[in-house]
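One-letter residues, chain by chain:
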Amino acid sequence: MKRAPIVITATVAGLAGVLAFHTTSSRLSLGTLPGAAAAPQAPATTDPSASGPGRSAGGSSSPPKRGSAAPTQPAGTRTVDGTRTVDGPAVNYNFGVLSVSVTVSRHKITKIGIASLDDGGMSRSQYIDQQAIPLLEQEAMQAQSANIQGVSGASYTSAGFQQSLQAALHTLGLR
Amino acid sequence: MGTVVTVDVYTTDGQAGDEVSRQLASARALLQRADAVFSTWNPRSPISRLRRGEITVSQAPAEVGEVLELCATARELSGGWFDPWAMPGGVDPTGYVKGWAAQRALGAFRAGHISGAIVNAAGDIASFGGLGRDKPFSIGICDPFSPGRLAAVVCLSGAIATSGTYERGNHLIDPHSGRPKARAASASVTGPDLGLADALATAIAVAGPSSLALIEALDGYEALVITGDGYLRWTERFPFRAR
């Protein structure tokens, strides 16, 4: 059994009648990206710097401390290629269509942003622009440093965001 | 159901394979079917027709009766704090269906070339296996006071659902008054089945930390509540990831 698992992501958006469905494995998409062919999968290594939750009862809502800005680089995955940026596909979510842009240096995400956002001029647009998306960017960066495979929470926007982000990461041969 | 579902399949041999593709297609079909039957947004769906009294449960597709039975069980196990029959506008199993459908879609995947799979229905997650042998999935729980951050990380075996009021506003209905009310900022429940976990998470988000005893009494289910003033409370065996 090889160490690095390949992740296959499929997405199903209900209700609006829009169905995005990808069964592209990371390995297959690697070859389509210039300079990425030799990049090995970023293995889902255990990151000892990502701490678990504070186990003490009580206290404030302050989130657990972890190695925030500079997550540990998975060992042995250095490549010679430089920084790459990929836009994820445009994904429908409840309030419109968005796509996520990811910039990677070696195997580390250095920047996550919105490549496009069309909310149809709905009144939620201001909220999404100014509140939700910066939080989601932050969440994705933190997910990387915490080495997790998903986030549980009550949200609408995050699903569309994660969907586009995940596809972009797959294109980059990253997980 | 008005939600987005993502599926992650972790293969052991690096190959997508026809088998996995078929399983993905079958998971998609299960989700589409659930959406067609249970969408309260679609006025022509069986559940909408049932709510308007145009058809009875026995005239509806078999899944409707099955889900309503499961809802009745969840209502009982939650001490009445989860109650689709107390929703404004008539019986509304939406709070159960999302988790139920994701759990059902997960059933499309079989071990073999797969070490694990995750079906994530907008933050409610059904899973089996992990990254590899003895390498379970880690799942973060959103901090309700700072949704870009994580309040905890769990070592997942099975399902996790989180209910709260933070991103969607105060959408939780207190079945005892029929009005919006939540006594916790966020509630997460882990357990073998996502449908029940989702219902229980909704129940304890409404009922507050005192209802943790209900979960403590249930075999296989654990819960974490984040109170309105930021305290964390959890059942004895809640699966925090080790430091």
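Because the structure is a prediction, the values reported are computed rather than measured. (Residues numbered from 1 in each chain as written. Chains lettered and ligands numbered in written order. Predicted model: local features only at pLDDT ≥ 70, side-chain atom pairs only at ≥ 80, totals over all residues. Heavy atoms only, no water.)

Comments concerning the overall build of chain B
For chain B, the count of helices and strands is 6 helices and 11 strands. Buried residues in chain B amount to 59% of all 243 residues. Sequence-distant contacts, at least 24 apart, represent 57% of the contacts inside chain B between residues at least 6 apart. With an accessible surface of roughly 9,400 Å², chain B has 49% of that area assigned to carbon and sulfur atoms. (Helix = DSSP H or I, 4+ residues; strand = E, 2+ residues; numbered from the N terminus. Buried < 20%, exposed > 50% of the residue type's maximum accessible area, 1.4 Å probe, protein only. Contact = heavy atoms within 4.5 Å. Areas by Shrake-Rupley, 256 points an atom, 1.4 Å probe, with all protein chains shown as cover.)

What about the overall build of chain A?
Check the secondary structure of chain A and you find 3 helices and 6 strands. Listed by position from the N terminus, the elements making up chain A come as β-α-β-β-β-β-α-β-α. Counting all 175 residues of chain A, 51% fall into the buried class. Looking at chain A alone, contacts between residues at least 24 apart form 56% of all its contacts between residues at least 6 apart. With the model as given, the accessible surface of chain A reaches about 7,700 Å², and the carbon-plus-sulfur share is 54%.

Structural notes on the packing of helix α3 (residues 62-77) of chain B against helix α4 (residues 94-106) of chain B
Residues and elements named next belong to chain B. With their axes 11 Å apart at the nearest point, α3 and α4 run at an angle of 115° to one another. By the angle between their directions, the pair α3 and α4 is classed as roughly perpendicular. Here the hand of the crossing between α3 and α4 comes out right-handed. Between α3 and α4, the residues in contact are Glu-63, Glu-66, Val-67, Leu-70, Cys-71 and Ala-74 and Tyr-96, Val-97, Trp-100 and Arg-104, respectively. (Axes fitted to C-alpha atoms, helices over the stretch in contact; angles between N-to-C directions. Parallel < 35°, antiparallel > 145°, perpendicular 65-115°, else oblique. Left-handed = near helix turned anticlockwise from the far one by under 90°.)

Quick look at the packing of aromatic side chains
All names here are of chain B. Under the defined criterion, the tally for this structure stands at 5 aromatic pairs over all chains. An angle of 50° between the planes, with centres 6.4 Å apart, marks the rings of Phe-82 and Tyr-96 as tilted. Taken together, the residues Phe-82 in the loop between α3 and α4 and Tyr-96 in helix α4 connect sequence positions 14 residues apart. The residues Phe-82 and Tyr-96 share a single accessibility class, namely buried. (Phe/Tyr/Trp six-rings, centres within 6.5 Å; stacked < 30°, edge-to-face > 60°.)

Brief notes about the pairing of strand β9 (residues 186-191) of chain B
Residue and element names in this part refer to chain B. β9 sits mainly inside the fold: 6 of its 6 residues count as buried. Burial along β9 is two-sided: the residues Ser-186, Ser-188 and Thr-190 and Ala-187, Val-189 and Gly-191 are all buried. Relative to β9, strand β6 (residues 159-164) is paired through 6 bridges, and the arrangement is antiparallel. From the neighbouring strand, Ile-160 faces β9, where its bridge partner is Thr-190. The pairing of β9 with strand β10 (residues 222-226) spans 5 bridges and is antiparallel. Bridge pairing in β10 places Val-189 opposite Ala-223. (Pairing = 2+ DSSP bridges.)

Some words on the side chain of B:Arg241
Residues and elements named next belong to chain B. For Arg-241, the position within the fold is in the segment after β11 (232-234). A relative accessible area of 13% means that Arg-241 is categorised as buried. Of the polar contacts made by the side chain of Arg-241, one reaches the side chain of Ser-138; its length is 3.1 Å. (Polar contact = N/O pair within 3.5 Å; in protein donor to acceptor, adjacent residues only side chain to side chain.)

Here's the deal with helix α5 (residues 194-207) of chain B
Residue and element names in this part refer to chain B. Compared with an ideal rise of 1.5 Å per residue, which puts 14 residues at 20 Å, α5 spans 19 Å between its outermost C-alpha atoms and is within 8% of the ideal. Measuring from the backbone nitrogen of Gly-195 back to the side-chain oxygen at the start of α5 gives 3.1 Å, which picks out Asp-193 as the cap. Positioned one or two residues after α5, Gly-208 has a phi angle of 90°, which is positive. (Expected span 1.5 Å × (residues − 1).)

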